[in-house]
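Coordinates in review
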Amino acid sequence: NSIATFNPMPSEAERMHCVLFVLAQGEVSNEEKTDRLKALYTAVRDRNIPSLLVITKIETADKALLNSSGTIKERPATGGSASSRSAATERPKDMGNLFRSAKVAKLIETAEKSTGFARADIFPIANFTEADQHTLGVAKTAHILRLLDRSVKYAQEARRRAMRRQTPRPQT
């Protein structure tokens, strides 16, 4: 309570309606970090605030999601010979294959066990894909939108529950 702007009794409009926890994929197996995250998640959950877990840097969990050199390739230049164009258009797999990866599935399972989050509330997100050079790729955008959709739905559900608790019931 030492923060001057802290409000211990927030109005419905001021309170949190959904919390996003973010953990890099390399930290999923770090017991110290996942224990701290789990403790905070438990405290948030005990206050009936919905929460989601975002696992970032997922592209580093499975090298098959990257190109052969493990880097993001440059976009192919136009022109040149057919053979140079075909070599230049070789692209890393995008995040459309994310949920087909056995390594990503194992990582999500590990995160589920170590953090206490339900599998449906864990969202793996890539930091970098080839498509990110100029704009977000379609598959990556779909994963981000799925996360945003779930967080908004959870927030709406939390607000509805809170409003039902505040609304007096008519006596019959």
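First things first, this report covers the structure right here in the doc. Every value quoted in this text rests on a predicted model; they were computed, and no experiment measured them.

How each quantity is defined
Residues numbered from 1 in each chain as written. Predicted model: local features only at pLDDT ≥ 70, side-chain atom pairs only at ≥ 80, totals over all residues. Heavy atoms only, no water. Helix = DSSP H or I, 4+ residues; strand = E, 2+ residues; numbered from the N terminus. Buried < 20%, exposed > 50% of the residue type's maximum accessible area, 1.4 Å probe, protein only. Contact = heavy atoms within 4.5 Å. Areas by Shrake-Rupley, 256 points an atom, 1.4 Å probe, with all protein chains shown as cover. Patch = residues over 30% accessible without salt bridge, like charges linked within 9 Å, V, L, I, M, F, W, Y side chains within 5 Å. Salt bridge = Lys/Arg side-chain N within 4 Å of Asp/Glu carboxyl O. Pairing = 2+ DSSP bridges. Axes fitted to C-alpha atoms, helices over the stretch in contact; angles between N-to-C directions. Expected span 1.5 Å × (residues − 1). Arc of directions from axis to C-beta. Polar contact = N/O pair within 3.5 Å; in protein donor to acceptor, adjacent residues only side chain to side chain. Right-handed = clockwise from strand over helix to strand, strands pointing away. Core = buried A, V, L, I, M, F, W, Y, C linked by side-chain atoms within 4.5 Å.

Here's the deal with the overall build of the chain
- Within the chain one finds 4 helices and 3 strands.
- Helices and strands appear in the chain in the N-to-C order β-α-β-α-α-β-α.
- Each of the 172 residues in the chain was classed as buried or not, and the buried ones make up 33%.
- Nonlocal contacts in the chain, meaning residues at least 24 apart in sequence, comprise 77% of its contacts between residues at least 6 apart.
- Accessible surface for the chain amounts to roughly 11,100 Å². Of this, 56% is attributable to carbon and sulfur atoms.

Overview of a nonpolar patch on the surface
- Judged by side-chain polarity, Leu 145, Leu 148 and Val 152 come together as a nonpolar surface patch covering roughly 260 Å² of accessible area.
- Within the secondary structure, Leu 148 sits in helix 4 (residues 138-166).
- Of the residues examined, Leu 148 reaches a relative accessible area of 47% and is grouped as partly exposed.

Re the sheet that holds strand 1 (residues 19-24)
- With parallel pairing, 3 strands are arranged side by side in an open sheet as 1-2-3. Each having just a single partner strand, strand 1 and strand 3 (122-124) make up the two edges of the open sheet. On average, each strand axis in the sheet is inclined to that of its neighbour by 25°, with strand direction left out of account.
- The pairing of strand 2 (residues 51-56) with strand 3 spans 3 bridges and is classified as parallel. In the sheet register, Leu 53 faces strand 3, and the bridge partner there is Ile 122.
- Against the sheet, helix 1 (residues 31-46) engages strand 1 and strand 2, with an angle of about 175° to strand 1.

Focus: helix 3 (residues 102-115)
- Taking 1.5 Å of rise per residue, the 14 residues of helix 3 would be expected to cover 20 Å, and the 20 Å separating its terminal C-alpha atoms lies within 8% of that figure.
- Buried within helix 3 we find Val 104, Leu 107, Ile 108, Ala 111, Ser 114 and Thr 115. Seen along its axis, helix 3 keeps its buried residues to an arc of 135°; they face one direction. Away from its buried face by more than 90 degrees, helix 3 exposes Ala 102 and Lys 113.
- Contacts from the buried residues of helix 3 go to helix 1, strand 2 and strand 3.
- Put simply, Ser 101 is the residue that caps the front of helix 3, since its side-chain oxygen is 3.3 Å from the backbone nitrogen of Lys 103.

Quick notes on the pattern of salt bridges
- Summed over the entire model, instances satisfying the criterion amount to 6 salt bridges.
- Here Arg 150 makes a salt bridge to Asp 121, at a shortest N to O gap of 3.4 Å. Of this pair, Arg 150 sits in helix 4 while Asp 121 is found in the loop between helix 3 and strand 3, placing the two residues 29 residues apart along the sequence.
- Taking relative accessible area as the criterion, Asp 121 reaches 10% and is therefore assigned buried.

Topic: the pairing of strand 1
- With 6 bridges joining them, strand 1 and strand 2 adopt parallel strand pairing. For Val 22, the partnering residue across the bridge sits in strand 2 and is Val 54.
- Crossover handedness for the path strand 1 to helix 1 to strand 2: right-handed.

Notes on the nonpolar core
- With 20 residues, the main nonpolar core has Phe 21, Leu 53, Ile 55, Ile 58, Phe 117 and Ile 122 as its most contacted residues.
- Among the elements of the structure, strand 1, helix 1, strand 2 and helix 3 are those that each provide at least two residues to this core.
- With 4 residues, the top contributor of residues to this core is helix 3.
- Membership of the second largest hydrophobic core comes to 6 residues, among which are Leu 52, Phe 123, Ile 125 and Tyr 154.

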